Amino acid sequence: MKQLMLGNEAVARGLFEAGCSFVSSYPGTPSTEITEAVAKYPEVYAEWAPNEKVAMEAAFGASLAGRRSFCGMKHVGLNVAADPLFTISYTGVNAGMVIGVADDAGMHSSQNEQDSRHYARAAKIPMLEPSDSAEALEFTKQAYEISEQFDTPVLVKMCTRVSHSQSIVEPGERVEKIGEYKKDIPKYVMMPGNAKRRHPVVEARTAALTAYAEETELNRIEPGADSKMGIITSSTSYQYVKEVLGDQYPVLKLGMIWPMPEKKIREFAASVSLLVIVEELDGFIEGHCRDLGLACVGKANFSNIGELMPLTVAQQLSTPWAVGAKVDGEIPPRPPVMCAGCPHRGLFYTLKKNKLTVLGDIGCYTLGAVAPLAAVDTVICMGASVSGIHGFSKSQQGKADGKTVAVIGDSTFMHSGITGLVNMAYNESNATVIIVDNSITGMTGHQQNPTTGFNLKGDPCAKIDLESLCRAVGIRRVRVVDPYDLAQCDAAIKEELAANEPSVIISRRPCALLKYVKHKAPLTVDTDKCVGCKACMQIGCPAISIIDGKAKVDATQCVGCGICQQLCKLGALKEV
Amino acid sequence: METKNIMIVGVGGQGSLLASKLLGKLLLTRGYDIKVSEVHGMSQRGGSVVTYVRFGDKVYSPVIDQGQADYIVSFELLEAARWTEYLKPGGKIIVNTQKINPMPVVIGAAQYPENLVQKMENAGINVDAFDALSLAEQAGSSKAVNIVLMGHLSRNFDFTEGQWMEAIEQSVPPKFLELNKKAFTLGRNA
């Protein structure tokens, strides 16, 4: 029966139908729902790993053991997993292994917009690129066939618009695949002597895959009425080309983006007067065409910055396209903000008040950088706050002591903050790390992690104790504060910064959006007491505004956290 | 059938994902090709959010670009004004007149524009503005704004009220079914 499915759910369905029985992933927008959806099939073991490297190595282990396996991640997660990626390319697989990676062109929820297709080429691993949910399901299944036929891990590359768009799929049945582990030291033990013998195998495999790319239906030519122009495209860009141009010009749609065919592209190019490459982000297909000595139009016309959109295709390919009317005057932007009642707010207010240099990290609390809090100095990648503060503080030879903190979330700390903390203990930093523990992986939509006590399926499981963990690596000063209590936060931060050794403060309160969190009644403003001093406005709470010179609390948003109350010296903010 | 395009815009957290889910359920049983494109992640935290719903004989692009939308359903007034360029000539904006200040306005770095409905009309836009929040509260919860708006949108299509109600049944938990049905009817009759 036809169903409407997110691209990510369709990948999950593909995993299920292909007989995949082991999934290990780390959440990351826009990849997260693949793993959440596959966890609903009881036939598939699925878990959240602490990071993408662990997930990929676990998936490799399962493949080695004879089970079809998968790991999913966002584009920057593939950087974390790049180490195993390049060497699993050499060992190949036992049972099929598929790696899902989702790019975020336009950076809806990311810190960069790298193009993951380069990894396929660099690691010499085939990559499939579906353009809608039906293809996401089919390509995922085919990825396992390619993986086993060519003895290679296979990348399935998604992007925001394929991952987060629902389109129609027709689900099929699951076929169980159970293999056996076979010991094979020359294949699986990548020490130099063996790896030297595997590298030529990888090169031969790429040649065989190139021959496959010539024949496979993954790469198809769709005829067009006019051969004045021919377009090579893939993924969501294909949909935009068809949206704008329909069947006007011939299209070579690449479903297998690495390795790319040579003969097929040459023949297609020869059949049209002008070769145009339409692709999102970098000129990856274009580069291949130029390597083949083919003249083409590509990134000179289509930017390598941001998402490609249908309008751009229309404008660049001279297709008439009318746009709607614009309203007179400025429309103020609406950037994302910390939610009303967010436990991070009180902490960042305290950091700002103390005029500290804050090395931030990846999560909802990155929003601590947004005005009016503006309390974050740098954000790079997962874990960089802890490693970064070590370098910052050491290089300042004491001058940064007492003025600098790192802020990292519970899930991000488990992902890659812990190794930075080991470095701080081992190499004796004098700096303070604040773990904002909201008992969930928040930004990606509430995923469990090793500190929450629940697994991906929602079942109770082992819970990492952050205090013990920090003490075990050698941090002697570890304390817990409630970020709803500003005085307590302030005192703890002052004391830890004054200490002459590294310390950890755990700012602990569950995310206000968690279903089990009980909220208090919204606060109200005593307009007789309120003088409109805006003290309550310093925290950037979306539930408070000043209207006609008085504070006003939006009762639909306020959860009664009471932080604004602590800032009001006149007692104008009251519980009902 | 030529592809129909509906954009649902609003503020992250207002419940646009449920509205698009409802439309998806409704359209799937009618045999259309459908694409629904959503935004997950950071912008869901109080930022400007947009969902695209497209249906017809064959739908390619998952997104609606400028000049393509037959309908823009806006959960908030400023957000309606933000997306007018996406409207097709002859298209319509259905807007909840509720105002939610964005952070630049809250902290005084920008002004919330005045008379936005008038300004949209002055630009030649067909605007259908009404207070969906009050109707949602009347139905029993301010959170039902999304279904009130779907009820109002439904007036523009030939689908029967029964078909819409069936889609609501498939989209909301039984506990909230009555509330949502009431919200839908209030929106449809508004």
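Residues numbered from 1 in each chain as written. Chains lettered and ligands numbered in written order. Predicted model: local features only at pLDDT ≥ 70, side-chain atom pairs only at ≥ 80, totals over all residues. Heavy atoms only, no water.

Visitor: Help me out: how do you make sense of the overall build of chain A in this one?
Guide: For chain A, the helix and strand inventory stands at 20 helices and 22 strands. Rg of the C-alpha trace for chain A: 27 Å, near the compact-globule value of 25 Å for 576 residues, within the 12% margin. Dimensions of chain A along its principal axes, counting C-alpha atoms only, are 80 × 65 × 50 Å. A total of 576 residues make up chain A; the buried ones form 60% of that total. Sequence-distant contacts, at least 24 apart, represent 75% of the contacts inside chain A between residues at least 6 apart. Carbon and sulfur atoms make up 54% of the accessible area of chain A, which totals about 22,500 Å². Computed over 58 positive and 63 negative side-chain charges, the inter-centroid distance for chain A is 5 Å. (Helix = DSSP H or I, 4+ residues; strand = E, 2+ residues; numbered from the N terminus. Rg over C-alpha atoms; globule rule 2.2 N^0.38 Å. Buried < 20%, exposed > 50% of the residue type's maximum accessible area, 1.4 Å probe, protein only. Contact = heavy atoms within 4.5 Å. Areas by Shrake-Rupley, 256 points an atom, 1.4 Å probe, with all protein chains shown as cover. Lys, Arg positive; Asp, Glu negative; His and termini not counted. Charge placed at Lys NZ, Arg CZ, Asp CG, Glu CD.)

Visitor: Where do I start with the interface of chain A and chain B in this structure?
Guide: Much of the literature gives interface size as the accessible area that the parts lose upon coming together. On the side of chain B, 53 residues touch chain A, which itself brings 59 residues to the contact. Interface area, chain A with chain B, both sides summed: about 4,700 Å², of which 62% is carbon and sulfur. A per-residue breakdown of the area chain A buries against chain B is headed by V327, P332 and R334 of chain A, which together make up 17% of the total. Across the pair E79 of chain B and R334 of chain A runs a salt bridge whose closest N-O atoms are separated by 2.5 Å. (Buried area = accessible area lost by both parts, 1.4 Å probe. Salt bridge = Lys/Arg side-chain N within 4 Å of Asp/Glu carboxyl O.)

Visitor: Any chance you could explain a nonpolar patch on the surface here in plain terms?
Guide: All names here are of chain A. Together, I185, V189 and M191 give the surface a local cluster of nonpolar side chains, amounting to about 260 Å² of exposed area. With respect to the element layout, I185 can be found in helix α9 (residues 185–188). A relative accessible area of 46% places I185 in the partly exposed class. (Patch = residues over 30% accessible without salt bridge, like charges linked within 9 Å, V, L, I, M, F, W, Y side chains within 5 Å.)

Visitor: What is the right way to read the packing of aromatic side chains from this model?
Guide: What characterises a pair of aromatic rings is the spacing of the ring centres plus the angle enclosed by the ring planes. If you walk through the whole model with that rule in mind, you get 13 aromatic pairs over all chains. On the basis of an interplanar angle of 70 degrees and a centroid distance of 6.2 Å, the ring pair of F159 of chain B and W164 of chain B is categorised as edge-to-face. The class for F159 of chain B is buried, based on a relative accessible area of 10%. An aromatic cluster of three or more residues is present, and its members are Y32, F55, Y71, F157, F159, W164 and F184 of chain B. Here K253 of chain A stacks its cationic end above the ring of Y238 of chain A, 5.4 Å away from the centre of that ring. Positioned above the aromatic ring of Y60 of chain B is the side chain of K58 of chain B, whose terminal nitrogen or guanidinium carbon lies 5.2 Å from the ring centre. (Phe/Tyr/Trp six-rings, centres within 6.5 Å; stacked < 30°, edge-to-face > 60°. Lys NZ or Arg CZ within 6 Å of the ring centre and 35° of its normal.)

Visitor: Sorry, what's going on with the pattern of salt bridges here?
Guide: It is possible for side chains bearing opposite charge to pair when their charged atoms get close. All names here are of chain A. For the structure on display, the rule yields 42 salt bridges over all chains. Among the salt bridges present, the one from R117 reaches D115, with a minimum N-O distance of 2.8 Å. With a relative accessible area of 1%, R117 lands in the buried category. Salt bridges sharing partners connect three or more residues here, namely E135, R220, E222, K242, D247 and K253.

Visitor: Which parts of the structure should I look at to understand the sheet that holds strand β7 (residues 154–159) of chain A?
Guide: Residues and elements named next belong to chain A. With respect to topology, seven strands assemble into an open sheet ordered β3-β2-β4-β5-β7-β6-β12, the strand pairing being mixed. A single partner strand is all that each edge strand has here, and the edge strands are β3 (45–48) and β12 (256–258). Sheet topology places strand β4 (residues 69–74) next to strand β5 (residues 97–103); six bridges connect them, and they run parallel. Bridge pairing in β5 places C71 opposite I99. Strands in contact with helix α3 (residues 52–64) are β2 (22–25), β3, β4 and β5; relative to β4, the strand with the most contacts, it is inclined by about 165 degrees. (Pairing = 2+ DSSP bridges. Axes fitted to C-alpha atoms, helices over the stretch in contact; angles between N-to-C directions.)

Visitor: Would you take a moment to explain the domain arrangement of chain A for this structure?
Guide: Domain boundaries in chain A define domain 1 (3–215), domain 2 (219–316), domain 3 (344–508) and domain 4 (523–575). In this structure, domain 1 of chain A and domain 4 of chain A have C-alpha centres spaced 50 Å apart. (Domains from an automatic or database assignment.)

Visitor: Any chance you could explain the nonpolar core here in plain terms?
Guide: The nonpolar side chains of a soluble globular protein tend to be buried, and buried together. Residues and elements named next belong to chain A. In terms of nonpolar packing, the biggest core is built from 69 residues, with L351 and V407 touching the most fellow members. Among the elements that make up this core, the one with the highest residue count is helix α17 (residues 410–426) (six residues). Mapped onto the domain boundaries, this core takes at least three residues apiece from domain 3 (344–508) and domain 4 (523–575). Apart from the residues lying within four places of it in its own chain, the contact partners of L351 are L356, V358, V405, V407, I434 and I493. (Core = buried A, V, L, I, M, F, W, Y, C linked by side-chain atoms within 4.5 Å.)

Visitor: Help me understand helix α5 (residues 82–91) of chain A in this model?
Guide: An α-helical turn contains 3.6 residues, so any two residues separated by three or four positions project in the same direction. Among the residues making up α5 of chain A, those that are buried are A82, P84, L85, I88, S89 and T91 of chain A. Where α5 of chain A terminates, the next one or two residues include G92 of chain A, which has phi positive at roughly 70 degrees.

Visitor: Quick question: what am I supposed to make of helix α7 (residues 133–150) of chain A here?
Guide: Residues and elements named next belong to chain A. The end-to-end C-alpha separation of α7 is 25 Å, in line with the 26 Å expected for 18 residues at 1.5 Å each. Of all the residues in α7, the buried ones are S133, E135, A136, L137, F139, T140, A143, Y144, I146, S147 and F150. Where α7 ends, the next residue or the one after it, D151, has phi of about 55 degrees, a positive value. (Expected span 1.5 Å × (residues − 1).)

Visitor: What am I meant to see in the sheet that holds strand β5 (residues 87–96) of chain B here?
Guide: Hydrogen bonding along the main chain pairs the strands of a sheet, whether they run parallel or antiparallel. Taken in spatial order, the eight strands line up as β1(A)-β8(A)-β2(B)-β3(B)-β1(B)-β4(B)-β5(B)-β6(B) in an open sheet, and their pairing is mixed. At either margin of the open sheet sits one strand with a lone partner, and together these are β1 (3–6) of chain A together with β6 (126–130) of chain B. Averaged over all pairs of adjacent strands, the angle between strand axes in this sheet comes to 20 degrees, irrespective of strand direction. Bridge count for strand β8 (residues 165–169) of chain A against strand β2 (residues 33–37) of chain B is three bridges, and the pairing is antiparallel. In the strand pairing of β2 of chain B, S165 of chain A is matched with S37 of chain B. Sheet strands touched by α7 of chain A: β1 and β8 of chain A. Its angle to β8 of chain A, the strand with the most contacts, is close to 70 degrees.

Visitor: I keep staring at the environment of S165 of chain A and nothing clicks. Help me out?
Guide: For S165 of chain A, the location among the structural elements is in strand β8. In this structure S165 of chain A comes out as buried when scored by relative accessible area, which is 5%. It is 6.0 Å that separates the C-alpha atoms of S165 of chain A and G7 of chain A, two residues lying 158 residues apart in sequence. Discounting chain neighbours no more than four positions away, the residues touching S165 of chain A are M5, L6, G7, S133 and T160 of chain A together with V36, S37 and P62 of chain B.

Visitor: Just to check I follow, could you spell out the pairing of strand β17 (residues 477–481) of chain A for this structure?
Guide: Look at any regular strand and the pattern is simple: side chains alternate between the two faces of the sheet. Residues and elements named next belong to chain A. Of the pairings in the sheet, the one linking β17 to strand β18 (residues 503–508) comprises five bridges and is parallel in character. By the bridge assignment, V480 is partnered in β18 with I506. With helix α19 (residues 486–498) bridging β17 and its parallel neighbour β18, the resulting β-α-β unit is right-handed. (Right-handed = clockwise from strand over helix to strand, strands pointing away.)

Visitor: Before we go on, may I ask you to explain unusual backbone geometry in this structure?
Guide: Trans is the prevailing form of peptide bonds, just as negative phi is the prevailing case for residues other than glycine. Going from T29 of chain A to P30 of chain A, the amide bond is cis rather than trans, its omega being 10 degrees. With respect to the helices and strands, P30 of chain A occurs in the loop between β2 and α2 (32–38). Cis geometry marks the peptide bond from A371 of chain A to P372 of chain A, where omega comes out at 5 degrees. Structurally, the position occupied by P372 of chain A is in the loop between β14 (357–359) and α16 (384–395). A positive phi angle, near 55 degrees, is found at E428 of chain A, a position not held by glycine. Residue E428 of chain A is classed as exposed on the basis of its relative accessible area of 61%. One non-glycine residue, N115 of chain B, adopts positive backbone phi at about 50 degrees. Within the fold, N115 of chain B resides in the loop between α3 (103–106) and α4 (116–122).

Visitor: Is there a simple way to explain the environment of M150 of chain B in this structure?
Guide: Residue and element names in this part refer to chain B. Structurally, M150 can be placed in helix α6 (residues 145–154). Classification of M150 by relative accessible area gives buried; the value is 0%. Considering only alpha carbons, one finds M150 and G108, 42 residues apart in sequence, at a separation of 33 Å.

Visitor: Help me understand the side chain of K181 of chain B in this model?
Guide: Residue and element names in this part refer to chain B. If you trace the backbone, K181 turns up in helix α8 (residues 177–189). Engagement of the side chain of K181 in a polar contact is seen with the side chain of E169, the distance being 2.9 Å. With residues near it in sequence (within four places) discarded, K181 still touches M165 and E169. (Polar contact = N/O pair within 3.5 Å; in protein donor to acceptor, adjacent residues only side chain to side chain.)

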